[in-house]
Amino acid sequence: MANPAPSSADGPTFASSSEGGSVKLWNVADAISAAGASSFLPSAAPPAPGRLVALVIANGAYPDAPLQNPVVDAGLVGESLKRIGFAVTVKTNVDLDGFEQALTDFAAASKGADVALFYFAGHGFSVAADGIQQNLLMTTSSNFQAKSEIALRQGGEPLDHVEETVIGRARATLIFIDACRNVPVLAHRGIGSRGFAPIDPSSAEGAYVVLSTRQGKTAEDGEAGQGSPFARAVAATLPTAGLRIEDAAARIRKKVREETSDAQDPDVVRSDLPEGGVVLMGGGSPPPAVASLEAPPPADSPSAVPQTPAPVPAAEPPAAAVSVGPPPKIAANDAGGEVFKECDECPEMVVVPAGKSMLGSPPGESGRQTFESAPHLVEIAKPFAVGRYAVTFAQWDACYAEGACGHRRLGDLDFGRGKRPAIFATWAEAQLYVQWLKRQTGQPYRLLSEAEWEYAARGCRNLKCAYAPFWFGAIKPELAVYDSRRSYDGSPKADPRLKTEPVDSGPANPFGLYNMLGNVRQWTQDCWNPAPSAVASNGAPVLSGDCSARATRGGSWADEPSKLRAASRDYESVDEGSERIGFRVARDLGP
C-alpha cells in the first residue's frame, strides 16, 4: 500500500512498484498532463483568429500545509480552456525550479499568440521584503516552518515576476490567481499575511488580472475532490460563446459570491486590454478532441500545432442492454432491483432499497484487521442507485474521448478493455468521471460512501440476515475473482486467473450488483481513518481524517480471499493509480 501523503510530480513514473504489490503508473498530476513535460492538448474548437495558449500551475502537495483541490482545479480549468481551443500546458505540484522553467517555456510559447492565459491554484500570500509586502505564489519547495520571512520567500515565486515574464508576448494576457491565502501555522507565528498586499493596477500594463478573492482576504479550497469555488466558476463560465472577458469576470464573481454566501469576492486588479477586447469563444463549443500522449515538439516549432491522435476504441455495448431513460419512480419502501441508465455511455444503475444492516466485522472473524469497524448499525433511510457493474474501460474511454477524464489513456496490462473494469484510475480521476456523468445527465452521480458500499455489498436490508464475511457464503473460485492459490477457512484452491474478468462475470448479489467482492477494489468517497470510529450511522461519507488518501473496498483479482470480505478495508493515496483498483458510481434518487 502506498504512502497516503501526496508526492511531488516532477514527471511520469512508469511501472514503479509500491507496497502491497500494486504498480504505480501515474500520479494525479498525470491525470491532467504528464507532469514535468509540456503537454499541449489539441484544440477542440475551430481555428481562432490567432493562437490561444494557456499555462495552468496547480500546487497542493505542500509538505506542511497540503491542499486537497488544486489538482482537481487544474483538471476543471484545463478541460474548460481546451474546449475553447487553447493549447494547454498543465503543471502540478512543482518546485521552484519547475515553476520558473514552466514560466520560461510559456513565455516562449506565447510569442505572437492572440491570447496567453496563466492560471495558478495553490497557496499564496504576502511576505515582507525589504520593508515592502511582496505577493508570492508558493511552490512545493516552500518551508512553512521557516522561522524567518527570508527563508519563507525562498519557496515562493513573486507574482510581479510572473507578470513580468508572461505579459507582452501575446496580443492579450489573462491571469487568474486562485490562491488559498491561509496557512494557520504562519498566521499563528506572525510570519506571512493571510492575504495579498494591494496591487498597483498601473505597475504592469498589458494584462487582465483576476484574483479569486479581494486583497487581504482568504479564498476557499473547497470540498475535497470537488474543486475550489473559483475554479468551478471559471471552468463553467469561460466556454460561453460571444462572452467578453469583462462580462466573464462579472459572472465568475457572481457565482463565487453565491456559493460562498459572499465570504469570497473575486476581484479584477488589472484590466488593461488591447483594442477590440477579448472574446474567448466566437462561436459554439464542439466536442473536444482526444488528447495526445505524445511528447510535443518545441513550442516555437511550426509542428507544435496540436495533431489529432489515433481514436480511442469504440465502447462495446453492455450485456443485457437496458433502454436509455430516466429511473422509475421510487417510493421510500421500494424493494429495489430496478435497472436503468440515463445515456448511451452511462453505467447501468440498480436501485438499492432503504434498510438497516449491521456493518463491520466481529473480533473472531478470520482475516479481520485492527482498522475494521466492530459490528455497528447503519440505517440507509432512502433508496439510492448503485452501478450494476464497476465502471468499464468502454465507459471510461467514452469520457476520455471527450477530453473530460484527464489526458492520458488508462493502461490495461493487456487484460483487455471493453467490458473489463477500468483500472489505474486515481481517486481524483474517478472524480473527473463522476463530474462528466453529472454533465451528461444533469443528475447527482457520485462515489459511494464506505457505509453505503458495505451495505450494498452485503445485499442485506434488515437485521435478520445471517452475518457472514461474504454474501454468497463460503468463498469459491467460481464465485469471485481473486488469487485462488490462497485459501480462506479451508476454501478450495485453484489456478488463479491473474487478471480482471468482464464486469458481468459471476453471480449478482441479492441487490443485483456484480463483483462487489473481487475483480477490482473500488474507490469510495471517504477519507482514510485507521480507526473508523467516525462512521456515520446514516451512511454518509466520512470527510475527516487523512483526506490525501481514500478508502478502497472489495478486494481484487490479485488479492487473497480474506481481502474480499465485506468488512475488509484498504486505502490508497488520491494520486495513485493501481492495477488492482477500479470504481463504481452511485446516484441519489428523488428529493
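Position labels on residues start from 1 in each chain and follow its written sequence. pLDDT decides what is reported in this predicted model: residues at 70 or higher carry local features, side-chain atom pairs at 80 or more are listed and counted, and totals for whole chains, interfaces and linings draw on all residues regardless. In computing side-chain values, all of the structure's heavy atoms are included and hydrogens and water are not.

**Q** Could you clarify how one ought to interpret the overall build of the chain in this entry?
**A** Per the secondary structure count, the chain includes 11 helices and 22 strands. Pairs of residues are marked as contacts when any of their non-hydrogen atoms sit within 4.5 Å. The contacts of the chain with a sequence gap of at least 6 include a subset with a gap of at least 24, amounting to 72%. Computed with a 1.4 Å probe, the accessible areas rest on the Shrake-Rupley method; for each residue, only the protein chains presented here act as cover. Of the roughly 22,400 Å² that the chain leaves accessible, carbon and sulfur atoms contribute 52%. A helix here means a DSSP run of H or I that spans at least four residues, while a strand means a run of E at least two residues long, and both kinds are numbered starting from the N terminus.

**Q** Looking at this structure, how should I read unusual backbone geometry?
**A** Peptide bonds are mostly trans, and most non-glycine residues show a negative phi. Unlike most non-glycine residues, L413 shows phi in positive territory, near 55°. By the secondary structure assignment, L413 is in the loop between helix 9 (393-401) and helix 10 (427-441). In the Ramachandran plot, N519 falls in the positive-phi region, its phi being about 80° despite a non-glycine side chain. Relative to the helices and strands, N519 is located in the loop between helix 11 (450-458) and strand 18 (521-528). Only protein chains enter the accessibility calculation, which uses a 1.4 Å probe. A residue is then buried if its area is under 20% of the maximum for its type, exposed if over 50%, and partly exposed in between. Overall, N519 belongs to the buried group, its relative accessible area being 2%.

**Q** Got a minute to help me understand the environment of E560 in this structure?
**A** Here E560 lies in the loop between strand 19 (546-553) and strand 20 (569-573). Judged by relative accessible area, which is 30%, E560 ranks as partly exposed. Spatially, the C-alpha atom of E560 lies 7.7 Å from that of S487, the residues being 73 residues apart in sequence. Dropping the residues within four chain positions of it, E560 is found in contact with D483 and R486.

**Q** Mind showing me how you'd approach the confidence of the model for the chain here?
**A** Keep in mind that low pLDDT regions are not for reading the predicted coordinates in detail. Here pLDDT means the predictor's own confidence in every residue, given as a number from 0 to 100. Of the residues in the chain, 76% have a pLDDT of 70 or more, and the chain-wide mean is 79. Overall, residues 1-49 carries pLDDT values under 50, and its contacts beyond four positions in sequence, including any with other chains, amount to 148 contacts. Per-residue pLDDT stays below 50 along residues 283-320; that stretch engages in 66 contacts with residues further than four places along the chain or on separate chains.

**Q** Help me understand the sheet that holds strand 20 in this model?
**A** One bridge is not enough; two strands pair if DSSP finds at least two bridges between them. Within the open sheet, the 4 strands sit side by side as 20-19-18-21. Their pairing is mixed. Taken across any chain shown, the strands that pair with only one partner, and hence form the sheet edges, are strand 20 and strand 21 (581-582). Across the sheet, helix 10 lies against strand 18 and strand 19, angled at about 100° from strand 18, the strand it touches most. Structural elements are reduced to axes, namely lines fitted to C-alpha atoms, with helices fitted over the stretch in contact, and the angle between N-to-C directions of any two is expressed from 0 to 180 degrees.

**Q** What is the right way to look at the sheet that holds strand 4 (residues 87-92) in this model?
**A** Hydrogen bonds between backbone atoms are what pair the strands of a sheet, whose relative direction is either parallel or antiparallel. With mixed pairing, the 6 strands of this open sheet are ordered in space as 4-3-5-9-10-11. In this open sheet, the two edge strands, each paired with only one partner strand, are strand 4 and strand 11 (267-271). Taking the axes of each pair of neighbouring strands and ignoring which way they run, one obtains an average angle of 10° across the sheet. Relative to strand 10 (residues 208-211), strand 9 (residues 172-179) runs parallel, the two sharing 4 bridges. When the bridges of strand 10 are listed, L174 appears paired with Y208. The strands touched by helix 5 (residues 159-166) are strand 5 (115-122), strand 9, strand 10 and strand 11; relative to strand 9, the strand with the most contacts, the crossing angle is about 155°.

**Q** Whenever I open this one, the layout of surface pockets confuses me. Can you help?
**A** Summary: where empty space remains is shown by rolling a probe the size of a single water molecule over the atoms. In this analysis the probe radius is 1.4 Å and the grid spacing 1 Å, with only protein atoms considered; a cavity is a set of points the probe fits into but cannot get out of, a pocket is an open set with protein on both sides within 12 Å along at least five of seven lines, and lining residues have an atom within 4 Å of a point. Grid points are joined across faces, edges and corners, and a volume is the space filled by probe spheres set on the points. By volume, the second largest pocket amounts to about 440 Å³. For the lining of the second largest pocket, the elements supplying multiple residues, two or more each, are strand 15 (376-380), helix 10 and strand 17 (445-447). It is helix 10 that contributes the most residues to the lining of the second largest pocket, 4 residues altogether.

**Q** Is there a simple way to think about the state of the cysteines in this case?
**A** As used here, a disulfide is simply a covalent bond connecting the sulfur atoms of two cysteines. Cysteine sulfur atoms are paired as a disulfide whenever they fall within 2.5 Å. For the structure on display, the rule yields 3 disulfides. Each disulfide pairs two cysteine sulfurs, and for C399 the partner residue is C405, the sulfurs being separated by 2.0 Å. In this structure, the disulfide formed by C399 and C405 twists by about 90° around the S-S bond and is classed as right-handed. By relative accessible area, which is 0% here, C399 ends up buried. For C527, the disulfide goes to C547, at an S-S distance of 1.9 Å. A torsion of 95° about the S-S bond marks the disulfide between C527 and C547 as right-handed. With C527 in strand 18 and C547 in strand 19, this pair connects stretches of sequence that are 20 residues apart.

**Q** In this structure, what is going on with the packing of helix 7 (residues 229-237) against helix 8 (residues 245-259)? I would like to understand it.
**A** The description of two helices packed together rests on the angle between their axes and the distance between the axes. Relative to each other, helix 7 and helix 8 sit at 140°, their axes nearing to 9 Å. When the axes of helix 7 and helix 8 are compared, the pair comes out oblique. As for how helix 7 packs across helix 8, the hand of that crossing is right-handed. The residues of helix 8 that touch helix 7, namely those facing P229, F230, R232, A233, V234, A236 and T237, are A248, R251, I252, K255, V256 and E259. Gly is put with the polar residues, along with every residue not named as nonpolar or charged; the nonpolar set is Ala, Val, Leu, Ile, Met, Phe, Trp, Tyr, Cys and Pro, and the charged set is Asp, Glu, Lys and Arg. Residues of the contact of helix 7 with helix 8, tallied by class, amount to 8 nonpolar, 1 polar and 4 charged. Each angle is binned into one of four classes, with values under 35 degrees roughly parallel, values over 145 roughly antiparallel, values of 65 to 115 roughly perpendicular, and all other values oblique. The handedness criterion is simple: a crossing whose near helix is rotated anticlockwise from the far helix by less than a right angle is left-handed, and one whose near helix is rotated clockwise is right-handed.

**Q** What is the right way to read the packing of aromatic side chains from this model?
**A** Here the distance between the centres and the angle between the planes together describe a pair of aromatic rings. Centre distance within 6.5 Å is the pairing criterion for rings of Phe, Tyr and Trp, where only the six-membered ring of Trp is used; planes under 30 degrees apart are then read as stacked, over 60 as edge-to-face, and the remainder as tilted. Per the stated rule, a full pass over the model turns up 17 aromatic pairs. Residues F176 and F230 carry aromatic rings whose centres are separated by 6.5 Å and whose planes lie at 45° to one another, so their mutual orientation is tilted. Within this pair, whereas F176 is found in strand 9, its partner F230 is found in helix 7, the two being separated by 54 residues in sequence. Between F371 and W528 the ring centres are 5.3 Å apart and the planes differ by 75°, which places this aromatic pair in the edge-to-face class. Here the residue F371 occupies a position in the loop between strand 14 (355-359) and strand 15, and W528 occupies one in strand 18, the gap between them amounting to 157 residues. With respect to class, F371 is no different from W528; both count as buried. A connected cluster of aromatic rings, assembled from ring pairs, spans W396, Y433, W436 and F583.

**Q** So what exactly am I meant to see when it comes to the side chain of S491 here?
**A** Residue placement: S491 occurs in the loop between helix 11 and strand 18. A 3.5 Å cut-off defines polar contacts: any pair of N or O atoms within that distance qualifies, except that in protein one atom must be a possible hydrogen donor and the other a possible acceptor, and neighbouring residues in sequence count only when both atoms are side-chain atoms. At 2.8 Å, the side chain of S491 forms a polar contact with the backbone nitrogen of Y488. Apart from the residues within four sequence positions on either side, S491 is in contact with I475 and R486.

**Q** Got a minute to help me understand the nonpolar core in this structure?
**A** One broad rule of soluble globular proteins: the nonpolar side chains tend to lie buried together. Core analysis: the largest hydrophobic core is formed by 41 residues, its most contacted members being W396, Y433, F583 and V585. Mapped onto this core, the elements with two or more residues apiece are strand 13 (349-352), helix 9, helix 10 and strand 17. Sort the elements by how many residues they give to this core and helix 10 lands first, with 6 residues. Excluding anything up to four places from it in sequence, F583 contacts A390, V391, W396, A425, A430, Y433, L447, R521, Q522 and W523. One finds V56, I84, V90 and F230 within the second-largest nonpolar core, a separate group that totals 34 residues. Buried residues of nine kinds, namely Ala, Val, Leu, Ile, Met, Phe, Trp, Tyr and Cys, make up a nonpolar core once their side-chain atoms join them within 4.5 Å.

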